[in-house]
Amino acid sequence: MNAPLIYALTGAALFVFGVTGLMLQAHLLRKILAFNVMGSGIFLVLVGLAQRTGIPDPVPQAMVLTGIVVAIAATALALALARQLLDQSGEMRLPEEEAGKDKLDV
Amino acid sequence: MFDPIPWLILSPLIWATLAFVQGPGRGGRLAVAGVALQLALAATLAQQIIAGGARVYAVGGWGAPLGIDLAADGLSAVMLLLTQAVALPLAFYARAYFAAHAAPLRYFWPLTGYLLAAMNALFLSADVFNIYVTLELLGLAAVGLVAVAGGAGPVSAAMRYLLATLLGSGAYLLGVALLYGVYGSVSLAALAPLIAADAPTAVSLAAALMLLGLMLKTALFPFHFWLPPAHGNAPAPVSALLSALVIKASFYLILRLWFDLFAPIASVTAAQFLGALGAGAVIWGSLLALRQTHLKMLVAYSTVAQVGYLFLIFPLATGAAAEVAASAWQGGALQAVAHGLAKAAMFAAAGAMIAATGRDEIAGLAGVATRLPLTLFTFVLAGMTIMGLPPSGGFSAKWLLLGAALASGQWWWIVVMLAGGLLSAAYVFKVLRQAFLPAEEAAHFKPLPRTLEWPAFLLALASLLLGLWASEMLNLLGAA
Amino acid sequence: MKALLNIAVLSLTGALGLVLAWSILDLPASAVRLPEQVTAQLDMSGVAHPVTAVLLNFRGYDTLLEIAVLLLALLGMLALPRQASGSKPRPVPASPMLQTLARLLTPLMVLVAGYVLWAGAHRPGGAFQAGAVLAGAGVLLHLAGLLPAWATPGRALRAGLATGLLVFIAVAATLMTQGTLLQYPPGWAGALILVIEASLTLSLGLILAGLYLVLADSKVQA
C-alpha cells in the first residue's frame, strides 16, 4: 500500500463519519460540520485514488478546488438558514416532524 | 447552422445575473423574455434532433475526456422542452401572484433564472463531474426559493431540504470519485464503453452511491420526508416549479445512468427493488394525500405518489424483450412530462384558490365552483392526468406502462397502478366535493386577475392534449 | 425508537465503510490517462500551471458554473427575509490597536492578492486564492469596526458581485463566434484567462466577504 491509497482510505473513513453525523446529530451546527467532514472525505478519495500510481493528476485536483468552492457556498447558505431558525425559534435544531403529518394514525 | 445548445444554458445565466443587479423584486419582464427565448431555442434543438439525430458539443473545443462535452438526444430535448414550456406560463403566473398577493418577492427572479440554468445545463451535460456542479446549482437555487417566503415553516422546510440535497449530492460525488479512480475519466462517452459486466466492485459501489443520492433528490419513497414540507410551504409558483421540474432532473439522471452508463451491471433484482420502492411511493403517497387537511400538502403528497409511477420503468424495461422495454421506457418518459404539466397546473390552481379564499385548508374551499370556475376546471383537467383518465397524457403514460406489465407478465405492477389510480381519484374528488359545496355566508372571495388563472389553465390543457400529441413526443424521444 | 434508529444508521454506514475500503484496495489500473493529455496540451492552454489550465481552460465550463453557485449562495442568503433588527447595522467599536493593524494590513493584503492572481499562471495561486485574501481583508475591516455589515447591498455593490460571472460569460459567448463556447483562439488564451481571472478576483473577494458580512448583520448579534 502506498501513500495515496492511505489518503483514499482516510477519505473513505471521513465520508462514513460525515454521513453518520449528518444523519444522527440533531444540532444544526454539528450537521453542517458533518457535511464538511463528508465533503473532505470525498475530496481525499478523489485525489488519492487518482494518483495511486504515483503520478500527480491535475484534473482531480482542479475538480476538488471546484468542489471546495461549492461546499463553501452550501455551507454559507446552510449557516444563514440555521441562523434564521435560531432567530425565529431560539433553537439550533430542526423541529420534530409535526405529529400525524407523515403518519397514518392521525 | 445556428446551435441552440450553449444558448440554452447562457440565456438563463445572463438574465438571472442581470435581474440580480437590477435589485430585489425586479427582473420579471427580463425573465419572461428570457424564458420565451429559451422555449424557441428548445424547439429549434428538437427540430434539429428530429432531422439530424443526437448532437455532441465540445465546450472549449477540446472534446472528452480532456474537456467537457455537452450532448443532446431525444430524451434531453423532451426534458428541455418540458422545462421551458412549464416555466413560461409559470413566469406570467408568478408575476400576477406576487402582484396580487403582496407576498415578498425579493430575489425570486434571479433564483428562478439560476434554477432554469441548472436544469438546462443538467439535461445537456455528458460529464458526470459537470453534472455534479449542475446538481448543486439546482439544489441551492431550489432551497433558496423555498426559503424566500420566510417564517419558521418555510425556513425549517428549506433547511431539511438543503441537508437532504447535500447528502444526496455527496453520495453522488463519491460515486464520481470512485469512477474516476477506476477508469481515469468522468466523461459519459469515455466511461460507457469501459464499463462491462465484470467491472470491479468499486464500479458497482459507485453506481449504488450515485443512484441512492439521486433517489434522495427525487424524493422516492422512503426518501420523500423532505418533499411535502418543502413543496407545501413554498409560495405557489415555487411549489409548481419544484414539483413539476426539479425532481424530474434527478430522475432524468437516474434514467441516463441506469439505461446508458450502468446498463451492463444493472441487475433484474435491483430493478425489481426500485420498482418496489416506486410501488411503495404510489400507495403510501396516495394514502397520505387522502389524509391531508391542507390543499397544498395534498398536492405535495400527490407528487410523492406520482414519482412512484416513474420508477416502474426499471422492473418493466430491465431484462425484458426490446418491444416491452421500449413501451415501458416511453410510458415512463410520457409520465414524467404529463405529471410535469399537470402538477404545475395543479399547484398554480391551488395557489389561485388559496389567494382568493385566503385559506389554505381544504375545508375553506366551499363555493370555489361558482366563484372560480376556470381555476376549478383547471384543477379537474390536471386531476384527469393525475388519475390517468383518457384522453389525458397521464392516461397514455399509464396505458403504456400497463401494456408493458401485461406483456412481461408482471401482474403485480398492474395491481399497484390500479390501486394508485383509484386512490388518486379519491383525493382529487375530496377537493372537488368541497369546492362544489355552497359558499359559507361569511366567506369572502378576493377577485383574481386573469393572469393568475389562465396560465394554470393552459398548463392543464397541455397535459390533457399531450395524450393526443403523444406520438409526436415519442417520435422526438426515439430520435437518436 | 431513537436507539434503534441510531443502531440501524451506524450499522449501515459501517457496512458502507467496509465495502468502500475493500473496493478501494481492489482497483485495477485506470484505462484513460488524463495527466499525459494535460501535459501534452499544456502549451496550448495559455498558462504554465497544469491545475490552472484545467480550471480555466480544459474544464473552464465547470468553473463558470461554480462561480454561479457561489453567487447563488449569496443570493439565497440575501433573499432570506430578515427581521427588522431595530438598529442600523453599525460596526462594533474595536480597540485602536486592532484598527491600526487593520489599516496597515489591508493594503498589504490587496498587494498579496494581486501577486497570488498573477502567480496563478505558473505556480499555485489564481483567482480563488486571491479572492479569498481580499475577502479576508474585508472581514478584518469589519471586525475592526471599519466596514459596516451588508444588510442590503446597493446597486454598485451588486454590480461588483456580478462582474466576475458576467465577464466570464461575455468572454465565453464572444469566443463562440470563432468556435465553440469557451474555445480560446491560439495565442489569445493567456491574455483572456488573465482578464477573466482579474474580474473573478474582484467578484470572488466581494462574494466571499459577503458570505460573512451578510450573516454578520443579524438580530442575534446586536
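Provided above is the structure to which this section pertains.
The structure presented is a predicted model; accordingly, all values stated were derived computationally and were not measured.

Here the focus is the overall build of chain B. Summing up its helical and strand segments, chain B has 19 helices and two strands in all. Along the three orthogonal principal directions, the C-alpha set of chain B runs to about 70 × 55 × 45 Å. Sorting the 480 residues of chain B into buried and exposed places 70% on the buried side. In chain B, once contacts between residues fewer than 6 apart in sequence are set aside, the share between residues at least 24 apart is 80%. If you sum the accessible surface of chain B, you get close to 13700 Å²; carbon and sulfur atoms cover 68% of it. Charge separation in chain B, taken as the distance between the mean sites of 19 positive and 14 negative side-chain charges, equals 13 Å.

Moving on to the interface of chain B and chain C. On the side of chain C, 50 residues touch chain B, which itself brings 57 residues to the contact. Summing the contributions of chain B and of chain C, the shared interface buries around 4800 Å²; its carbon and sulfur component is 77%. Looking only at chain B, the three residues that lose the most surface to chain C are B:F20, B:W62 and B:L66, adding up to 15% of its buried area. At the junction of chain B with chain C, the criterion picks out one salt bridge. Among the salt bridges present, the one from B:D127 reaches C:R59, with a minimum N-O distance of 2.8 Å.

Moving on to the pattern of salt bridges. A complete count under the given rule lists eight salt bridges over all chains for this structure. When the shortest N-O distance is used, the salt bridge between B:D260 and B:R256 registers 3.4 Å. Of the two residues, B:D260 and B:R256 are both situated in helix α10 (residues 236-261); the distance of four residues between them amounts to about one turn of the helix. We note a salt bridge from C:E36 to C:R33, for which the minimum N-O separation is 3.0 Å. Via salt bridges that share partners, B:D73, B:R256 and B:D260 belong to a single interconnected network.

We now examine the nonpolar core. Counting 320 residues, the largest nonpolar core has B:Y172, B:L179, B:F311 and C:Y61 as the members making the most contacts within it. In terms of residue count, the dominant contributor to this core is helix α14 (residues 322-357) of chain B (22 residues). Not counting residues up to four positions away in its chain, the partners in contact with B:F311 are B:M215, B:T218, B:L220, B:F251, B:I254, B:L274, B:G275 and B:G278.

Right, let's get into the environment of B:L402. Tracing the backbone through its elements, the reader meets B:L402 in helix α17 (residues 393-407). Those residues in contact with B:L402 that lie beyond four places of it in its chain are B:I414 and B:M417.

Here the focus is the interface of chain B and chain A. Taken together, the contact between chain B and chain A spans 37 residues of the former and 39 residues of the latter. For the pair chain B and chain A, the summed buried surface comes to about 3300 Å²; carbon and sulfur atoms form 78% of the total. Counting across the interface, chain B meets chain A through zero salt bridges. Scanning the region where chain B abuts chain A turns up four residue pairs in polar contact (both at pLDDT 80 or more). Of all the secondary structure elements, the ones that give two or more residues to the side of chain B that touches chain A are α5 (128-147), α6 (152-183), α11 (268-291) and α12 (295-310) of chain B. It is α6(B) that contributes the most residues to the side of chain B that touches chain A, 19 residues altogether. For the side of chain B that touches chain A, a count of residues per class yields 28 nonpolar, six polar and three charged.

The subject of this paragraph is the side chain of B:E136. Tracing the sequence through the fold places B:E136 in helix α5. Setting aside its immediate chain neighbours within four residues, B:E136 contacts A:V70, B:L166 and B:S169.

Each value, and the rule that gives it
Residues numbered from 1 in each chain as written. Chains lettered and ligands numbered in written order. Predicted model: local features only at pLDDT ≥ 70, side-chain atom pairs only at ≥ 80, totals over all residues. Heavy atoms only, no water. Helix = DSSP H or I, 4+ residues; strand = E, 2+ residues; numbered from the N terminus. Buried < 20%, exposed > 50% of the residue type's maximum accessible area, 1.4 Å probe, protein only. Contact = heavy atoms within 4.5 Å. Areas by Shrake-Rupley, 256 points an atom, 1.4 Å probe, with all protein chains shown as cover. Lys, Arg positive; Asp, Glu negative; His and termini not counted. Charge placed at Lys NZ, Arg CZ, Asp CG, Glu CD. Buried area = accessible area lost by both parts, 1.4 Å probe. Salt bridge = Lys/Arg side-chain N within 4 Å of Asp/Glu carboxyl O. Core = buried A, V, L, I, M, F, W, Y, C linked by side-chain atoms within 4.5 Å. Polar contact = N/O pair within 3.5 Å; in protein donor to acceptor, adjacent residues only side chain to side chain. Nonpolar A, V, L, I, M, F, W, Y, C, P; charged D, E, K, R; others polar.

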